[in-house]
Every structure is written in C-alpha cells, then in structure tokens.
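Residues per chain are reported as follows:
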Amino acid sequence: MTVAFISHSDCGRHDTGWRHPEHVGRLRAIPRALRDDLDLYQVLEHVEGRHATVAEIQLAHHPGYVDSVRRLAEQGGGALDADTPVSEGSWDAARAAAGCVLQGVDLALDGKVPRSFCAVRPPGHHALRVRGMGFCLFGNVAIAARHARRQGVERVLIVDWDVHHGNGTQALVEHDPSIRFVSLHQWPWYPGTGAQEDRGPHGSVWNVPMPAGLPAARYVDALRVAVEDATREFTPGLVLVSAGFDCLAGDPLGGFTLEPSDLAGLTAFLVERAGAWCGGRVVAALEGGYVPERVAAGALAVMQAMT
Ligand SMILES: [Zn+2]
C-alpha cells in the first residue's frame, strides 16, 4: 500500500451544530463517497488514527491555551471566538485531528506508507499559539511539521491551498527556517493576513494572494511557481498539505474556481516532486471546504492522484 486514508471516529464528536458551516456532515461525506469508488477504496490502507498527546500539541501551542480548551470541553463547551465553538467532544476531536496527521507522518517516516490523506476535523490552519479562531482549535499541520523535525526530518515543506490564508500555520512555523510554508489564498478575504510581501522573519514563507473568480489554471500555475521557488535550494524531507476544499468552485466561503481535477493535478505535481526529494512522502490533511459533496470529490481526487 502506498496511500493511507486516516481518520478517527472522535473527529465527529466536535459538535458545532448543523447551522455552522464546519459541521460533521463534511467529514462523513468522504468515507461515503469512498465506498462508492471501490477501485480506490481497495488500494487504500484504512487507518484509524490516534490522539495526539498534550506534549505533542504543545509543540505548537502554549500549555495554558491547550489546558483552556480541555477545561472548556470538560465544562460542556463554549466558544473560542464568534466562529469557533467548543463542545463536550471537542477536546477528544481536536486531539484526534492532530493525532491522525501525526500518524500520517509516522507512517511516512517509518517507510510503511509514504502518503496519507487525513480526513480530520476540527481544521487547524487558523489556530494560533495561544488562541483558536476561524473554526480551528489546534494547528494540526504545524504540529505535524514540528513533530517531523523532532523525528529528524531536516526540512519540511507545507503547501496550503485552502481558500483562506493559513495565518495560524504561518505564525506557528515562520520562526523555524527549516519549515517552509507556501499558501495560496483569496485576497482580500478572511482572515486578512497573507500579503505577498509577508515572507516571515526568515524569508521562509511564500504567500500567494489571488483575487476571486480567475480561471482555475491561474491559481494552479501560481501555486506551482511558488512551490518551485520555495524549493530551489531547499530539499524537503517531507511534504505536508493543508488540503482545504473551499478553493473549489461553488464553495459558500470562497470565490476560487478550482475543480477536483485541478487539485488532482497539483497533488500529482507534489507527489512527483516528493519522489525526487524524499521518497514521495506527502501527508495531506483536511482543512476547509463547506459543500460536503465537493469536499468528498476533492478528497477522492487527491487520494487518487496520490496512488
Ligand atoms: Zn478555508
């Protein structure tokens, strides 16, 4: 098996309510679609992820913040900001979301399964060191990058094609020049960060802000150029992907025009590059995407391209 599908039943226990765009139906749509694609289903290694430990979450987050999320969930829930509810199950869900991505990294580093798609929620790329925001509790991908570094990976590339800027991921990794972050996102748009001039304190950030409504090829080409640029004198030992499917045409929270086939093309490009860099190690984690059927179609396209 070369591709794992990693998820955890606890990811469904982050209860935001059905009127919130980031509801559990987004996640359920993926295995449902997979069962209708038996050829793909059969070539995937199906893995139940694990929970991240508190120490692992603290690779990216302040201990006091981590504890405050746990306590809020224990008390029955609340909200981190107007968009970011916490329910009783959210602590277990958030630890599972981060843990699934860690498991993908471990499978890749062990040489067992070089590529994974992690179907997780809550998403992570807006979460800051001391504060959750934008539907995100913990920075799943940033935690995975820090973990990979600790496991001896010298250089990590993070590619974020969610329609929103991965402000949390940038904040959590920009001080470590051995982790490079490339983000394609709509501009101007939530959360308002991610200007092209913002390269981070070490020049290890490539922000690609783009207007809504352009032909899909424009977005794809811009992201490819940025990845090429970020890896000119930097050979990653692991590629992490913040796979947000709100960049697909028709998403209620974005104005990009991509189709699942465009993300398949981008994935194939990253897999090919990763083949030359690091034995093809690519771990993708679900971020945004608010039309469940489109999330599923996008996820399947990414997994197909990974095989
Ligand atoms: Zn998003």
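You'll find the structure just up there.
In every chain, residue numbers begin from 1 and rise along the written sequence. Reporting in this predicted model follows two pLDDT cut-offs: at least 70 for local features of residues, and 80 or more for side-chain atom pairs to be given and counted; totals over whole chains, interfaces and linings ignore these cut-offs and use all residues. Each side-chain value is worked out from all heavy atoms of the structure, with water and hydrogens disregarded.

Here we come to the overall build of the protein chain. Note on conventions: DSSP H or I runs of at least 4 residues are helices, E runs of at least 2 residues are strands, and numbering of each starts at the N terminus. Within the protein chain, the secondary structure is distributed over ten helices and ten strands. Here the C-alpha atoms of the protein chain give a radius of gyration of 17 Å, agreeing with the 19 Å that 2.2 N^0.38 yields for 307 residues. For the protein chain, the spread of C-alpha atoms along the principal axes amounts to about 50 × 45 × 40 Å. For the protein chain, contacts bridging at least 24 residues in sequence account for 77% of all contacts bridging at least 6. Accessible surface, the protein chain as shown: approximately 11,300 Å² in total, 50% of it carbon and sulfur. Only four residue types enter the charge count, namely Lys and Arg as positive and Asp and Glu as negative; His and the chain termini do not. For charged residues, the charge sits on one atom: NZ in Lys, CZ in Arg, CG in Asp, CD in Glu. Of the charged side chains in the protein chain, 27 are positive and 35 negative, and the gap between their average positions amounts to 3 Å. Atoms counted for the radius of gyration: C-alpha only. Globule rule: 2.2 Å times the number of residues to the power 0.38. Working rule for contacts: check all heavy atoms of both residues, and any pair within 4.5 Å makes them a contact. To be clear on the numbers: accessible area is Shrake-Rupley with a 1.4 Å probe, and residue cover counts the displayed protein chains and nothing else.

Charged atoms that come close allow side chains of opposite charge to pair. Salt bridge, as applied in this entry: a Lys or Arg side-chain nitrogen positioned within 4 Å of an Asp or Glu carboxyl oxygen. Within this structure, the stated rule accounts for 17 salt bridges. Measuring nitrogen to oxygen at the nearest pair gives 2.9 Å for the salt bridge that ties Glu56 to Arg50. The residue Asp67 makes a salt bridge to Arg71 at a minimum N-O spacing of 3.2 Å. Of this pair, Asp67 and Arg71 both sit in helix 4 (residues 63–74), separated by four residues, roughly a single helical turn. The class of Asp67 is partly exposed, set by a relative accessible area of 28%. One salt-bridge network, in which partners are shared between bridges, spans Asp10, Arg13, Asp92 and Arg95. For every residue, the accessible area (1.4 Å probe, protein chains only) is compared with the maximum for its type, and the residue is labelled buried under 20%, exposed over 50%, or partly exposed between those bounds.

With that settled, the discussion passes to the nonpolar core. In these notes, a set of buried Ala, Val, Leu, Ile, Met, Phe, Trp, Tyr and Cys residues joined through side-chain atoms within 4.5 Å is what counts as a nonpolar core. In this structure, Ile30, Phe117, Trp161, Leu240, Phe245 and Met303 are the most contacted members of the largest nonpolar core, which totals 99 residues. With eleven residues, helix 5 (residues 90–109) is the single largest residue contributor to this core.

On to the sheet that holds strand 7 (residues 179–186), then. At least two DSSP bridges between two strands are needed for those strands to be called paired. One open sheet accounts for eight strands, arranged 2-1-5-10-9-6-7-8; its pairing is parallel. Every interior strand has two partners, whereas the edge strands, strand 2 (44–48) and strand 8 (205–210), have only one. When strand polarity is set aside, the average angle formed by the axes of neighbouring strands in this sheet is 15 degrees. Note that strand 1 (residues 3–7) and strand 2 share five bridges and pair parallel. Within strand 2, the position partnered with Ile6 by the bridge is Val47. Between N-to-C directions, angles span 0 to 180 degrees; the directions come from axes that are lines fitted to C-alpha atoms, helices contributing only their stretch in contact. The strands touched by helix 10 (residues 292–306) within the sheet are strand 1, strand 2, strand 5 (115–118) and strand 10 (282–286), with strand 5 carrying the most contacts at an inclination of about 170 degrees.

Only nitrogen, oxygen and sulfur atoms qualify as donors, and only when within 2.8 Å of the metal (3.2 Å in the case of Na, K and Ca); with water excluded, sites may look incomplete. Here the zinc ion is held by Asp162 (OD), Asp162 (OD), His164 (ND1) and Asp246 (OD), and the distances to it run 2.0 to 2.7 Å. Each donor residue of the zinc ion belongs to the same chain, with the gaps between them written as D-x1-H-x81-D. Taken together, the positions of Asp162 in the loop between strand 6 (156–160) and helix 7 (167–173) and Asp246 in the loop between strand 9 (238–243) and helix 9 (260–278) put the pair 84 residues apart, joining distant regions of the chain. Each member of the pair, Asp162 together with Asp246, is buried.

Moving on: helix 5. By definition here, a helix of n residues has an expected span of 1.5 Å times n minus one. Its 20 residues place the ends of helix 5 28 Å apart at the C-alpha level, agreeing with the 28 Å of an ideal helix rising 1.5 Å per residue. Extensive coverage of helix 5 is indicated by the burial of 18 of its 20 residues. Looking one or two places after helix 5, you find Gly111, whose phi comes out positive at around 80 degrees.

Turning our attention to the packing of aromatic side chains. A pair of aromatic rings is counted whenever rings of Phe, Tyr or Trp (Trp by its six-membered ring) have centres within 6.5 Å, and the orientation is called stacked for planes under 30 degrees apart, edge-to-face for over 60 and tilted otherwise. In total, this model carries five aromatic pairs according to the counting rule given. Geometrically, the ring pair formed by Trp91 and Phe138 is edge-to-face, given 6.1 Å between the ring centres and 85 degrees between the ring planes. With Trp91 in helix 5 and Phe138 in the loop between strand 5 and helix 6 (140–150), this residue pair connects regions lying 47 residues apart in the sequence. Here the two residues Trp91 and Phe138 agree in accessibility, since each one is buried.

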